[in-house]
Structure formats: C-alpha cells, structure tokens
Amino acid sequence: MRYGDGVGVDQAERIRRERVRQPAAALFVEGRSAVEVAGMLEVSTKSAYQWRRAWKAGGVQALASRGPAGPDPKLSDEQVARLEGRLEQGPAAAGYGEDQRWTLVRIVALIATMFHIRVSVTTAWQAMRRLGYTAQLPIHRAIERDEAAIAHWRRYQWPAVKDSPPAHPPGSSLPTSGARR
C-alpha cells in the first residue's frame with residue numbers, strides 16, 4: 001500500500017509505516033542521500049525527500065507517527081463507557097415507553113442530558129460503532145399475526161401447493177414452435 005492510499009489507516013498500519021521511516025533516520029545520519037534511502041527502503045523518492053526534510057528539522061522524533069488523523073472524538077472513552085451502561089438499561093429507563101428501540105436521535109438526546117454536550121447524529125453513530133453496535137432495521141409485522149396458524153399452514157398446506165403439477169403443460173407463444181402443432 002502506498003502512503004497516498006492511506007485514508008483512515010488504523011493503528012497497526014501507522015506502526016508499520018513508522019517502522020519504515022525509522023531506518024531512514026539512521027541512513028540519513030550515515031550521510032546517505034534521499035535517493036539512496038528510497039532505493040534501500042523501496043519507497044518513493046518523494047517520500048524519502050520529505051522524510052529527510054522532517055529529519056533535518058526535528059530529528060528522529062519528526063519521523064514518529066503523529067497518531068490518527070482528524071479531530072479527537074467528542075466523547076471520551078469514559079463517557080462512552082457510561083453511555084453504554086445507560087443504553088443497556090433500555091429506552092424505557094430514559095423515558096421512552098411507547099417504543100422500545102434506540103434511535104440515533106434518541107441517543108443524541110441521551111448524550112445531551114448525560115454529558116451536557118450537543119453532538120450530531122453522525123457523532124452518535126460513531127460512538128455506537130466504538131461500542132460495537134451496528135445498524136439494525138426492525139421487522140414490521142401485523143399485530144393480528146397468528147404464529148400457530150402460519151406454522152400449521154407451512155407444515156401441512158405449503159408442501160401440497162409447492163409440489164402440485166402445473167394445470168397445463170408449458171407451451172410457447174412463438175408460431176415456429178413445435179409445441180403448438
């Protein structure tokens with residue numbers, strides 16, 4: 001993987017990349033050129049020149065990983081853990097008695113009341129992903145649904161319907177077909 005492909009790299013990939021950059025610093029100390037370093041480490045010369053500039057400006061520490069890109073999460077790990085405990089109590093404990101489902105809008109409201117922080121639906125979704133939750137679509141079924149009647153029909157009537165032969169043999173609407181003669 002090239003560096004340019006690294007949108008959203010994880011911790012393991014950042015560590016791997018840092019392990020490539022660290023030997024570059026030792027080679028620069030030896031007096032090697034950026035082109036030589038690029039050839040020895042099998043990276044682009046552009047990367048080697050950037051590393052050399054960073055190394056000259058800040059030493060070996062300048063080649064260390066700076067951590068994940070982007071802003072820090074709005075909710076700390078401790079806040080997410082507290083949120084998880086509150087979510088496990090269910091929507092009824094948060095005052096939602098009519099519908100027992102957590103929605104992102106409800107989670108945004110819960111975060112606002114628990115932590116006095118206004119977050120977006122996207123931030124709530126990211127917090128849920130950090131907790132290991134996935135998007136779920138509820139199954140809508142009729143209230144009048146009779147599971148026993150459905151099971152009876154599937155067991156006794158469906159096999160007869162499924163295995164019944166067609167009412168007439170298959171034909172063709174093409175005038176050149178031999179089936180019409």
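Residues numbered from 1 in each chain as written. Predicted model: local features only at pLDDT ≥ 70, side-chain atom pairs only at ≥ 80, totals over all residues. Heavy atoms only, no water.

A. Quick peek at the side chain of Gln79. As for its position among the elements, Gln79 is in helix H4 (residues 77-88). Apart from the residues within four sequence positions on either side, Gln79 is in contact with Lys74, Phe115 and Ile117. (Helix = DSSP H or I, 4+ residues; strand = E, 2+ residues; numbered from the N terminus. Contact = heavy atoms within 4.5 Å.)

B. Spatial organisation of the confidence of the model for the chain. Of all residues in the chain, 88% have pLDDT values of 70 or greater, and the mean over the chain is 84. Model confidence for the chain, summarised as mean pLDDT per element, is weakest for helix H1 (residues 11-29) at 87 and strongest for helix H5 (residues 104-115) at 94. Low confidence marks residues 1-6, where pLDDT is under 50. Its contacts with residues over four positions away, or in another chain, come to ten contacts. (pLDDT = per-residue confidence, 0-100.)

C. Quick look at the environment of Ala54. Following the sequence through the fold, Ala54 ends up in helix H3 (residues 45-58). Look past the residues within four positions of Ala54 in its chain and what remains in contact with it is Gly59, Ala62 and Leu63.

D. Region of the structure containing a nonpolar patch on the surface. Among the surface-exposed residues, Trp153, Trp158 and Val161 lie close enough to one another that they form a single nonpolar patch of about 300 Å² accessible area. By relative accessible area, Trp158 is classed as partly exposed at 38%. (Patch = residues over 30% accessible without salt bridge, like charges linked within 9 Å, V, L, I, M, F, W, Y side chains within 5 Å. Areas by Shrake-Rupley, 256 points an atom, 1.4 Å probe, with all protein chains shown as cover. Salt bridge = Lys/Arg side-chain N within 4 Å of Asp/Glu carboxyl O. Buried < 20%, exposed > 50% of the residue type's maximum accessible area, 1.4 Å probe, protein only.)

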